[in-house]
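# A structural walkthrough
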Amino acid sequence: MSPATETSPLLGNSNIRSDSWSRKILRAIKADGEPSWAESFKFMLFGSWANILLLFVPLSITSHHLQWDAALRFTFSFMAIIPLAKLLGEATDQLSVKLGQTLSGLLNASFGNAVEIIIGIAALLNGELRLVQTSMLGSILSNILLVLGCSFLAGGFYHTEGSFNLTGAQASASLMTLSCITLVIPAAYASTTKSGLPELPCDIPDDKGGCPSPGLLAISRGTAMLLLFVYCAYIVFQLYTHPQFFRLPSSDADEEETGGHMNMIAAALSLFTVTIVTAFCAEYLVASIEETAQRYHIPKAFIGVILLPIVGNAAEHVTSVWMALKNKYELTISICVGSSIQISTLVIPLLVIIGWIVGQPLTLHFKNFETVLLFVSVLLVSLLIMDGKTNYMEGLMLTTLYLVIALAFWVTTE
């Protein structure tokens, strides 16, 4: 054996690095120190009574390929996406447990509204541009009025008054106001300027996107890129520079109590699989909307604004109300307002850019009626959370406004 020199490895085995990586991969596959593969998938499939609705997934696929009645295809696809949305959130949460605070925050920001993105892309590729707009608008209104209102209402019955971090809530409300203003500007441009008027003659119906002017397309696409930049800055603000504004006082204790129920690879595989299945069900859902609306005389605006958001927000609705009942209003605000911010500054701009790429003229020009409704809704939410406190009366106000809006869209015809 040769004597040791200054250049000799401190540890004699030069293959230690490759061995360590191979051992890490083997440990990840074998799930050493983590829940087994059987335990992981058992939790994923049988961890909630809501998973019984997964029976609608094969019914959705079968009804689509056998061309059953439009109402059946719509109902089966609608019911199938509800448990899939919950499984998407569950897989994301389980994967977040293994990634640490920063990466888990980025993961939740990316997949927090995966169902809305999938439904939006499916509608966009089918040329249903008005359905894209109304479903995105409905997701925002559902989160800040229905989900937040029900949470305040339920929590108010158990707690005389709830409180939350005022600075973080104001920052979120300000960003919501900014995104709302960016939707007002295209509507004002299209309504008050000659260059904003649609190009005529136009052979494309309004529900397929119409013929927006070049100026309106430029404003929408430029604004979409700026909003994506603002959203990235908001993620940095929330996770890196000012996390104290969004942190629960008892978060450390909660993290110690909550353990992972799935190993990392099983969670990632589940996330990928559920996303693919959700994409197919969303495609079947969108394909059945036109015939369902015509045959059963349901306004397409009502389907987009009221019914479709129920699919994506069902799991969030339950979680938000449950957190309010436990007097954890920071989480309630984070779920409701945070999800609306993701829709308005990430999902809608992203869909505008995707539409630009695939040749679909999606713009940020919503109908004047819809723009006004969004503006007054954001205004009411901002006024109610600006004091950092809440009660059941504020929840009643939010849910009442949502019901008025639902009634308005029920009698709306395109």
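In this text, all values refer to a predicted model and were calculated from it rather than measured experimentally.

About the thresholds
Residues numbered from 1 in each chain as written. Predicted model: local features only at pLDDT ≥ 70, side-chain atom pairs only at ≥ 80, totals over all residues. Heavy atoms only, no water. Helix = DSSP H or I, 4+ residues; strand = E, 2+ residues; numbered from the N terminus. Expected span 1.5 Å × (residues − 1). Bend = angle between axes of the 7 residues up to and from the residue. Buried < 20%, exposed > 50% of the residue type's maximum accessible area, 1.4 Å probe, protein only. pLDDT = per-residue confidence, 0-100. Contact = heavy atoms within 4.5 Å. Core = buried A, V, L, I, M, F, W, Y, C linked by side-chain atoms within 4.5 Å. Salt bridge = Lys/Arg side-chain N within 4 Å of Asp/Glu carboxyl O.

What follows is about helix H6 (residues 129-158). Compared with the 44 Å implied by 1.5 Å per residue over 30 residues, the 43 Å span of H6 between its first and last C-alpha is a close match. Remark: the principal bend of H6, roughly 40 degrees, maps to Ser-142. Among the 30 residues in H6, 26 count as buried, and that is most of the element.

What follows concerns the confidence of the model for the chain. Model confidence for the chain is summarised by a mean pLDDT of 82, while 84% of its residues fall at 70 or above. Per-element averaging of pLDDT across the chain places helix H9 (residues 251-257) at the bottom with 44 and helix H14 (residues 392-410) at the top with 94. Scored below 50 in pLDDT, residues 14-18 shows zero contacts in the model against residues more than four places distant or in partner chains. In this model residues 251-257 is a low-confidence stretch, pLDDT under 50, and it forms two contacts with partners more than four residues away in sequence or in other chains.

Core analysis: the biggest nonpolar cluster contains 92 residues, and Leu-141, Leu-145, Leu-148, Ile-333, Leu-374, Ile-385 and Phe-409 have the highest contact counts within it. The element best represented in this core is H6, accounting for 13 residues. Leu-141 has contacts with Leu-146, Val-305, Leu-373, Leu-374, Ser-377, Tyr-402 and Ile-405, leaving out every residue within four places of it along the chain.

Applying the stated criterion across every chain yields a total of seven salt bridges. For Arg-73, the salt bridge identified is with Glu-291, shortest N-O distance 2.8 Å. Remark: Glu-291 occurs in helix H10 (residues 264-296) and Arg-73 occurs in helix H4 (residues 70-111); sequence separation between them is 218 residues. Residue class for Glu-291 comes out partly exposed when judged on its relative accessible area of 30%. Between Arg-130 and Glu-370 there is a salt bridge, with its nearest N and O atoms 2.5 Å apart. In this pair, Arg-130 is assigned in helix H6 and Glu-370 in helix H13 (residues 368-385), connecting sequence segments 240 residues apart. Salt bridges here are not isolated pairs; linked through shared partners, they connect Asp-69, Arg-73, Glu-291 and Arg-295.

Below, the discussion takes up unusual backbone geometry. Its identity is not glycine, yet Gln-67 carries a phi of approximately 55 degrees, on the positive side. With respect to the helices and strands, the residue Gln-67 is situated in the loop between helix H3 (56-65) and H4.

Moving on, we come to helix H5 (residues 114-125). When the terminal C-alpha atoms of H5 are compared, their 16 Å separation across twelve residues agrees well with the 16 Å that a helix rising 1.5 Å per residue should span. Most of H5 is tucked away, with ten of its twelve residues classed as buried. Within the span of H5, buried status applies to Ala-114, Val-115, Glu-116, Ile-117, Ile-118, Ile-119, Gly-120, Ala-122, Ala-123 and Leu-124. Positive backbone phi, at 80 degrees, marks Gly-127, one or two positions downstream of H5.

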